[in-house]
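# Chain and residue survey
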Amino acid sequence: MIRIGMISNPQEELIKNAVLSIMNYSGLDINSLNIQPVDETNHSESYNIMLINNIMPCINLTKALDNIESGGILILNADEKNISGLRFTKPINVISYGFNPKSTVTASSVIEDEYLCVQCCIQREFFTLDGSVIEPQEFSINIKDNNATVSNILASVIVSLLCGASTRQIESLFLIAV
């Protein structure tokens, strides 16, 4: 079971649904995923992956980060203003995303038309949960959903890649039903 904790605003369901859609389309076992919000009530959970899309004031971030397994993965929105000074008590891998040019995954182009078209750019390699390498590359995502944001799209793509979806499978989706 892959345990994924998400610290985000109420749109976290959008990210969760997008990940499940990508995984299902890719033929991967969505029953092997346990995606849940991290809040003040479940600080004792242990996660393979933790996603911080938006820092919520009610979350004790230090406690939440302690629940990432040793060698686990933190996916971090690099555009979030309150992320400097994060401290880790064990070795974890950090994958950043956003418009920040130093992010691991960024959007090199965004076009808002009938669809939200995002050119995803993986700037540095990272490893999936099974140890496969995701090489630097670019690919397009086209989504027709008025609630989708670039940060939600990038977060969904990273989680899906970490769990076994390929960039080719993700790119081949013209619409992600979220």
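What comes next concerns the included structure. Throughout, a residue's number is its position along its own chain's written sequence, starting from 1. Per-residue local features are limited, in this predicted model, to residues with pLDDT of at least 70; the limit for side-chain atom pairs, both in listing and counting, is 80 or more; totals at the level of whole chains, interfaces and linings are taken over all residues. The side-chain values count all of the structure's non-hydrogen atoms but skip hydrogen atoms and water molecules.

### As for the pairing of strand E7 (residues 116-122)
Counted only if it meets this: Each residue is placed in one exposure class: buried if its accessible area under a 1.4 Å probe, protein chains only, is under 20% of its type's maximum, exposed if it is over 50%, and partly exposed if it falls in between. Only runs of H or I of at least four residues qualify as helices and only runs of E of at least two qualify as strands under DSSP, and these elements are numbered from the N terminus. Here, a strand pair is defined by DSSP locating no fewer than two bridges between the strands.
Across the seven residues of E7, five count as buried, placing the element largely inside the fold. Sheet analysis places strand E6 (residues 105-112) next to E7, joined by seven bridges and oriented antiparallel. Its bridge partner lying in E7, Glu112 is registered against Leu116. The hairpin turn running from E6 into E7, its antiparallel successor, is three residues long. Both E7 and strand E10 (residues 137-143) contribute to a ladder of seven bridges, which runs antiparallel. Within E10, the position partnered with Cys121 by the bridge is Glu138.

### Points about the environment of Ser132
Convention followed: Whether two residues are in contact is decided by their heavy atoms, any of which lying within 4.5 Å being enough. We call two N or O atoms a polar contact when they sit within 3.5 Å, provided that within protein one can donate a hydrogen and the other can accept it, with sequence-adjacent residues counted only if both atoms are side-chain atoms.
With respect to the element layout, Ser132 can be found in the loop between strand E8 (126-127) and strand E9 (133-134). As a C-alpha pair, Ser132 and Leu162 span 30 residues in sequence and 8.8 Å in three-dimensional space. When near neighbours in sequence (up to four residues on either side) are disregarded, Ser132 contacts Phe126 and Phe127. A polar contact of 2.9 Å, which involves the side chain of Ser132, links it to the side chain of Asp130.

### Considerations on the sheet that holds E6
Note the cut-off: Inter-axis angles, ranging from 0 to 180 degrees, are taken between N-to-C directions of lines fitted to C-alpha atoms, where helices are fitted over the stretch in contact.
One open sheet holds the eight strands; their spatial order is E2-E1-E3-E4-E5-E6-E7-E10, and the pairing between them is mixed. The sheet is open, and its two edges are formed by strand E2 (33-37) and E10, each paired on a single side. Each strand axis lies, on average, 20 degrees off the axis of its neighbour in the sheet, ignoring direction. Sheet topology places strand E4 (residues 68-77) next to strand E5 (residues 93-98); five bridges connect them, and they run parallel.

### Some details on helix H3 (residues 150-162)
Applied cut-off: Here the expected span of a helix is defined as 1.5 Å times the quantity of residues minus one.
With 13 residues, H3 extends 18 Å between its outermost C-alpha atoms, agreeing within 8% with the 18 Å of an ideal straight helix rising 1.5 Å per residue. Summarising burial for H3: twelve of the 13 residues are buried, a large majority. Three or more residues of H3 are buried, namely Val150, Asn152, Ile153, Leu154, Ala155, Ser156, Val157, Ile158, Val159, Ser160, Leu161 and Leu162. Gly164 occupies a position one or two residues after H3 and carries a positive phi of about 120 degrees.

### A word on the pattern of salt bridges
Spelled out, the test is: We define a salt bridge as a side-chain nitrogen of Lys or Arg found within 4 Å of a carboxyl oxygen belonging to Asp or Glu.
This model, assessed by the stated rule, comprises one salt bridge. For Glu69, the salt bridge is made with Arg3, and the minimal N-O distance between the two is 2.0 Å. A residue pair is termed long-range when its members are at least 10 positions apart, and Glu69 in strand E4 and Arg3 in strand E1 (residues 2-7) qualify at 66 residues.

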